[in-house]
Each structure stands twice: as structure tokens, then as C-alpha cells.
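Report on the structure
Each chain is listed here by its residues.
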Amino acid sequence: MTITISDNVFPLFHPTMTEDLKDPCPVFDGELWHVFGSSGTVRSETWNILHATAPDLYGPWTEHEPVKLDVQGSGVAAPGVIFDSGVFHMFVQTEFMKPGGRCEHAVSNDGFTWVVLQPALFAVPGTGEDGIYDPHPAMIDGKRYIVYSGMPPFTRVPQPDVYLARSMSDSWFGPWKRVGKILDHGEVPHHNSREHPDYEWGIEGAQLVGLPDGRVLLNATCFLPEGARGSRQRVFFAIADAVEGPYQSLGPVLDPGEPGENGHSTVMVNGSELTLFYQSRRVATDHRWRFGIAKFDLSQPKLSCSA
């Protein structure tokens, strides 16, 4: 099947303080748009937590000093942020290229100054969650969830799948109960298999959002089984009747249109309009990662699990 996304604006802006922009998470506080993400460089995989603001989702965007958190780790980046009842809640990884790691939780009243609380989740050694990263909060049918990538022990490269945890209280403060794996490599036919001779990476950058018809959309990043490295990363959607799954992939949804790739993104749904705030690198950006915005009309009958 084909999903047609229109009104594609890329690049959204060029950073003045860093080389690459990744892992965007836009949040509206009722007056101002904030985008949090990862800012740094893929050359050394060195990252800060990006914070920029704008009066409109399309800008103009003003970059601010990176978010400062009292959190230790070699991969503190890729924050998932939600604004709820006047408070920003950030869930952020501490590692992503090695085992271990935590899902840290921080809160803010303005998006600029943050207080770190107790971690929401820890990696579980020797399991499919030997390493955890890319947490993203979601409110589905009045319940609070964190969707994240979990990877089993590895020797060459991480092979993460998608996992879910649910808050046992009516708040973002947990405690969090692990629901388990909700999407596996083998359930995504357009993703490189674990046995692929040029395996690149696993499923990451997952996000969940409720749809107007009551179904649940999973937005995530896969790596195509064909093509050269630097061209295989893609945003894809999957659909389920319940947040726990099972999910059926709708396939990659955004063609770069030129040599390049796209990945980690955030979906926002307003009535019948779906907005995709994504990362991409192309020839036009000298293969530096930048943000873009694309839109899709949910009233189209194509948003289904039928081929």
C-alpha cells in the first residue's frame, strides 16, 4: 500500500550552534512551541539535549542553550517530552550504543529549568532489555505509557525491538510496570533481519498516539534490507486495535526524494490531520541531519492495514 504525505517542508531550519539535529519532540505549552531533541555531531556521536522555541510549528525557531540535567551517562540524548497540567515531563535515555542505561525523568515549569527525579526504568541485564533507550511518553485512553527500545545482549551492533511500560498511578511519576515487547524485528517485513549480512541497526525512535477511530498508531524507525548505508533509515507507521498490539506495519511513509534517509520523528494528530515532525539527511543538507514537517490527511481511506 502507499501512504501519501503532503505539505512537506524540509529543512525546517539550520542550526547555528551545532552540526546535526536529531530525535525531534515538539511540544506546545498553550502559548509557545518547544522542540526538544539531540544536538551534536554524528562524527563522534557526541550529543546535547536541544531546546528551541517558536510562535508557530513552522517557525521561526530560536535555539537556546542545551538543556542541563544532573544525569550521568555516555548517551544522554533523545528526550521524549509531554506537557500535562502545566508541567513538562521529560523522559530521557542515558545510553544507546552499549548495554545498561536508564530512562530518567525530569520536570519543568517552563521548559528551560529542569529538576531530575527518580528514574522511571532501568535496563534488565541478560534480557531483551539488556539496554534501553529512546523513551517516549504517551497518553492513550486516559492511561500513561512509555514506549522505548530494548536490546538484548550483543557482540557487534545493537538489535533493539520496541517495548512498553504503563504507569500504575494516575500520573507521570509511576511506578512503571513493564508490559513487554510490542513489536519485534520479525513483524516488520521492510526492516533488516537479525541475520542480514549487512545488518545496520534495530527498530528505534518509537512513539504511540491514539487515532480518532480508536485505534493506536505506532510511529517508529526501521532500516531497509536493501541499499547502501546512509540511505536505508526510514520512518514507518504500524496500526493496532489496542496499545499492547499486535501491530501491523503500514510500511515506510516518507521517501527522501533524493539520496538520503529519514528517521526518528514525532506524530501529532489534530482531528483528521496528522503532522509528522521528522529528522532527515540528504544531499541538499550535505548529509547533515535536519528537521522537517510533513502532513497527512487521516480521512483518506488508505490508512488501513489492508494491502
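Heads up: the structure comes first, above all this text.
A few points on the structure. (Residues numbered from 1 in each chain as written. Predicted model: local features only at pLDDT ≥ 70, side-chain atom pairs only at ≥ 80, totals over all residues. Heavy atoms only, no water.)

**A short note on the side chain of glutamine 207**
With respect to the helices, strands and loops of the structure, glutamine 207 is situated in strand S15 (residues 204-210). Here valine 267 takes part through its backbone nitrogen, which lies 2.6 Å from a polar atom of the side chain of glutamine 207. With sequence-adjacent residues up to four places away left out, glutamine 207 is seen in contact with His136, Val147, Leu217, Leu218, Asn219, Ser265, Thr266 and Val267. (Helix = DSSP H or I, 4+ residues; strand = E, 2+ residues; numbered from the N terminus. Polar contact = N/O pair within 3.5 Å; in protein donor to acceptor, adjacent residues only side chain to side chain. Contact = heavy atoms within 4.5 Å.)

**Re the pairing of strand S13 (residues 161-167)**
Across the seven residues that make up S13, a large majority, six, are buried. Sheet topology note: the strand S12 (residues 143-151)/S13 ladder contains six bridges and is antiparallel. Pairing of isoleucine 146 across the sheet is with alanine 165, part of S13. (Buried < 20%, exposed > 50% of the residue type's maximum accessible area, 1.4 Å probe, protein only. Pairing = 2+ DSSP bridges.)

**A short note on the sheet that holds strand S2 (residues 20-28)**
Sheet strands associate in pairs through backbone hydrogen bonding, adopting either a parallel or an antiparallel arrangement. Strand order in the open sheet formed by four strands is S2-S3-S4-S5, with antiparallel pairing between adjacent strands. Edge strands, defined here as strands with exactly one partner in the open sheet, are S2 and strand S5 (62-63). Bridging between S2 and strand S3 (residues 33-41) involves seven bridges; their strand directions are antiparallel. Each bridged residue has a counterpart across the sheet, and for phenylalanine 28 the counterpart in S3 is tryptophan 33.

**Comments concerning the nonpolar core**
Within soluble globular proteins, side chains that are nonpolar generally end up buried alongside one another. One finds Leu208, Leu218 and Tyr247 to be the most contacted residues of the largest nonpolar core, which totals 22 residues. Those elements giving two or more residues to this core turn out to be strand S11 (131-140), S12, S13, strand S14 (176-183), S15, strand S16 (216-223) and strand S17 (233-240). When residues no more than four places from it in sequence are discounted, the contact partners of tyrosine 247 are Ile182, Leu183, Leu208, Val216, Leu218, Ala238, Ile239, Ala240 and Ala242. In terms of nonpolar packing, the next biggest core, distinct from the first, is built from 18 residues, Ile5, Val253, Val267 and Ala294 among them. (Core = buried A, V, L, I, M, F, W, Y, C linked by side-chain atoms within 4.5 Å.)

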